[in-house]
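# Examination of the molecular architecture
Read off the chains here:
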Amino acid sequence: MNPGEKRVCPGCGAPLQSEDKNLPGYLPIHAWEKEEAVCLRCFRIKHYNEAVQVDLREEDFLQVLHSIGSTEALVVHLVDLIDVNGTLLSGLHRFIGQNPFLLVGNKLDLLPQRVNLDRIRRWLLMMAMEWGLKPVDVMLISALKGSYLQELLEKLEAYRKGKNVYFIGATNVGKSTFMNRLLKEYGEKGTIEITTSRFPGTTLDLIEIPVDEHSSFYDTPGVMTPHQIIRYLSPEDLKKVIPQKRINPKVYQLEPEQTLFLGGMARIDFISGTPQSFIVYISNEIPVHRTKRSHAGELQEKHRGELLSPPGKENLDRLPPWVKHSFNLKEGEKQDIAISGLGWVSFSGKKGRVDVFAPKGVSVQIRKGMI
Ligand code: GDP
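So, here is what we can say about the structure in this document. Since we're looking at a predicted model, the values are computed, not measured.

Rules behind the numbers
- Residues numbered from 1 in each chain as written.
- Predicted model: local features only at pLDDT ≥ 70, side-chain atom pairs only at ≥ 80, totals over all residues.
- Heavy atoms only, no water.
- Helix = DSSP H or I, 4+ residues; strand = E, 2+ residues; numbered from the N terminus.
- Buried < 20%, exposed > 50% of the residue type's maximum accessible area, 1.4 Å probe, protein only.
- Contact = heavy atoms within 4.5 Å.
- Areas by Shrake-Rupley, 256 points an atom, 1.4 Å probe, with all protein chains shown as cover.
- Pairing = 2+ DSSP bridges.
- Axes fitted to C-alpha atoms, helices over the stretch in contact; angles between N-to-C directions.
- 1 Å grid on protein atoms, 1.4 Å probe; cavity = no way out; pocket = protein on both sides within 12 Å on 5 of 7 lines; lining within 4 Å.
- Points joined across faces, edges and corners; volume = space filled by probe spheres on them.
- Nonpolar A, V, L, I, M, F, W, Y, C, P; charged D, E, K, R; others polar.
- Arc of directions from axis to C-beta.
- Lys, Arg positive; Asp, Glu negative; His and termini not counted.
- Salt bridge = Lys/Arg side-chain N within 4 Å of Asp/Glu carboxyl O.

## Topic: the overall build of the protein chain
- When you go through the protein chain residue by residue, the secondary structure sums to nine helices and 16 strands.
- Of all 371 residues assigned to the protein chain, the portion counted as buried reaches 54%.
- Restricting the contact set of the protein chain to residue pairs at least 6 apart, pairs at least 24 apart contribute 72%.
- Surface accessibility of the protein chain: about 17,300 Å² in total, with carbon and sulfur atoms responsible for 49%.

Given below as structure tokens:
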């Protein structure tokens, strides 16, 4: 094999090249001889669990989607149950045309053990409908633990009716982890492995997995959605912010004029209303600090990057400046305030006014209570 020959990285699907280290698919010249050589980036991720930044262009992704619209196929849209607001792709129907799509909520294993699955499924469907999406079905899985994968495969077979299947999702929803599971089921063992890592933007080009003589599964690139906080974090901070273990909700009984800091990534001020619980669903590795609202500014000034972390001191300037989002909590309705990529705070239906400060560009939204 020679440099310049058309070959793709078996890890991420990017065309291999030896010209530019900073572009996808870089393979040093001496490595071309190896049959199974993966690109530098996949190599680093696999062997050192280390991210190599490669820009993922949204235009490329949209092109892939357009081509789906002109063929008959089933689309599987994967979302992260910990970040539904940040990972639902509202423009999906525009690109996939008349094709049916199956909505799959991943990372079920991170939710508290005793959640009502049926309720979460209905909730996810409702969220999708609010986003203008009409899935043919909704499923919940854990790609990491392998939960409900068999059921999902059965549904896939029923809905695809012999056609191709395209898998679509924002970066970090766990699509690589999921595809690797599928490969074990469908692929010839050991011939191809998609790279998986916790770093955003891992899956690059379209990867084909033939499933029978007439049809294939296609893994599309991860879409970098602009509103996830993980875009602004260093690899070390990402390890803490992306939950790896089941989330232990933390309950704070708050009076008006009190504040919660979620690490150094967001600040939540209880401005007014009935004293109530703030239930925080974020990675267990992010410390939560409670203080008086009148002290919050000073605390933030003094302890950013230390007591209030992640991000650590050396990575503070990666975060855009904070902006304020104000919300009114409704009486008698369970609601969440979701901060994309971080998690959410849930409220049990008592009146109140809450201000959330989060880095500019990160989506902060109020929604019907998930749990
Ligand atoms: P991709 O960017 O969508 O391809 O996402 P990856 O497969 O690389 O996964 C991103 C992060 O989420 C990694 O840290 C994975 O270990 C983690 N992850 C993926 N699926 C699951 C899951 O089902 N449960 C949990 N807890 N973590 C998951």
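Next, the rest of the story.
## Digging into the environment of L254
- Looking at the element boundaries, L254 is found in strand β7 (residues 250-254).
- Looking at L254, the relative accessible area reads 1%, which means it is buried.
- In sequence terms L254 and S277 are 23 residues apart; their C-alpha atoms lie 6.0 Å from each other.
- Once you skip the residues sitting within four places of it in the chain, L254 turns out to touch L260, F270, P275, Q276, F278 and R290.

## Some words on the sheet that holds strand β12 (residues 322-329)
- With antiparallel pairing, five strands are arranged side by side in an open sheet as β11-β8-β9-β15-β12. Since the sheet does not close on itself, it has two edges, and those belong to β11 (288-292) and β12, each with one partner. Sheet twist, expressed as the average angle between the axes of neighbouring strands with direction ignored, equals 20 degrees.
- One ladder, built from five bridges, connects strand β8 (residues 258-262) with strand β9 (residues 266-273); its direction is antiparallel. What sits directly across from L262, in β9, is A266.

## A closer look at empty space enclosed by the protein
- Taken as a whole and assessed by the stated rule, the structure comprises three cavities of 30 Å³ or more.
- When its volume is computed, the largest cavity comes out at roughly 80 Å³.
- Taken together, D80, I82, D83, K107, N172, Q228, I230, V241, I242, P243 and G341 make up the full set of residues lining the largest cavity.
- Split into classes, the residues belonging to the lining of the largest cavity amount to five nonpolar, three polar and three charged.

## Concerning the environment of R231
- Mapping R231 onto the fold places it in the loop between β6 (216-219) and α8 (235-241).
- Since its relative accessible area comes to 40%, R231 is described here as partly exposed.
- Spatially, the C-alpha atom of R231 lies 9.1 Å from that of V362, the residues being 131 residues apart in sequence.
- If sequence neighbours within four positions are ignored, R231 has contacts with M224, T225 and P226.

## Side note on helix α9 (residues 293-303)
- Among the residues of α9, A296, L299 and Q300 are the ones counted as buried. Down the axis of α9, the sector holding all buried residues measures 100 degrees, keeping them to one side. Facing away from the buried side of α9 by over 90 degrees, the exposed positions are S294, E301 and K302.
- The inward-facing, buried residues of α9 contact β8, β9, β11 and β12.
- Following α9 by one or two positions, G305 has its phi on the positive side, about 85 degrees.

## Section: the side chain of D83
- Here D83 lies in the loop between β1 (73-80) and α3 (84-87).
- In this structure D83 is buried but unpaired, with R367 as the nearest side chain of opposite charge at 6.4 Å.
- Filtering out sequence-adjacent residues up to four positions away, D83 remains in contact with Q228, S340 and G341.

## Some details on the pairing of β1
- Of all eight residues that make up β1, eight are buried, and the element is covered over most of its length.
- Summarising the sheet, β1 and strand β2 (residues 101-106) pair through six bridges and their orientation is parallel. Directly across from V75, in β2, lies its bridge partner F101.

## Observations regarding unusual backbone geometry
- Residue P310 is reached from S309 by a cis peptide bond, and omega for that bond is -5 degrees.
- Mapped onto the fold, P310 is located in the loop between α9 and β12.
- Of note, the bond from P310 into P311 is cis; its omega dihedral lies within 30 degrees of zero at 0 degrees.
- Note on placement: P311 falls in the loop between α9 and β12.
- At Y148, a residue that is not glycine, the phi angle is positive and equals roughly 60 degrees.
- By the element assignment, Y148 lies in the loop between β3 (137-140) and α6 (149-160).

Shape descriptors only; they carry no functional weight alone.
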